[in-house]
Amino acid sequence: MRNKLASVVLLTATLGFGAVAMATPTETLGTIKSINAKTLSVTLMDGSVYKVAKSIKLADFKAGEKVKVEWEMKGKSKDATLMTAAS
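In this report, we go over the structure that sits alongside the text. (Residues numbered from 1 in each chain as written. Predicted model: local features only at pLDDT ≥ 70, side-chain atom pairs only at ≥ 80, totals over all residues. Heavy atoms only, no water.)

Remarks on the pairing of strand β1 (residues 26–36)
With six bridges connecting them, β1 and strand β4 (residues 66–74) associate as antiparallel partners. Residue pairing for β4: T31 is matched across the bridge by K66. In this antiparallel pair of consecutive strands, β1 and strand β2 (residues 41–44), the connection spans four residues, and L40 shows a positive phi of 50 degrees. (Pairing = 2+ DSSP bridges. Helix = DSSP H or I, 4+ residues; strand = E, 2+ residues; numbered from the N terminus.)

Comments concerning the sheet that holds β1
In space, the five strands of this closed barrel follow the order β1-β2-β3-β5-β4, with mixed pairing throughout. For this sheet the average axis-to-axis angle between neighbouring strands, irrespective of direction, equals 55 degrees. Relative to strand β5 (residues 77–85), strand β3 (residues 49–52) is paired through two bridges, and the arrangement is parallel. Bridge pairing links K51 to D79 in β5. (Axes fitted to C-alpha atoms, helices over the stretch in contact; angles between N-to-C directions.)

As for the packing of aromatic side chains
Applying the stated criterion across every chain yields a total of one aromatic pair. Cation over ring: K78 sits above W71, and NZ or CZ is 5.0 Å from the ring centre. (Phe/Tyr/Trp six-rings, centres within 6.5 Å; stacked < 30°, edge-to-face > 60°. Lys NZ or Arg CZ within 6 Å of the ring centre and 35° of its normal.)

Some thoughts on the pairing of β5
The side chains of a regular strand alternate, first on one face of the sheet and then on the other. In terms of strand pairing, β4 meets β5 through eight bridges, oriented antiparallel. Within β5, the residue paired with K74 across the bridge is S77. Between β4 and the antiparallel strand that follows it, β5, lie two residues; G75 among them carries a positive phi value of about 65 degrees.

Set out below in structure tokens:
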């Protein structure tokens, strides 16, 4: 009985951690309010702030431009993994 219970607990924990590890980024559409190249961050008109990956070329974007941001929550920070112009 104890072995069955341990197996169920282990299986549940494994499936739970797998779901977290395979989480997909969240997509947000918005208009850029400001860009801070020093801190590698972008603020949208709704006030949300995204810390962008170094691979994102901020020089390709400007305030007032509509963008799609793919991001993941890392602690208290919204980390943008991809940012593209939105149509």
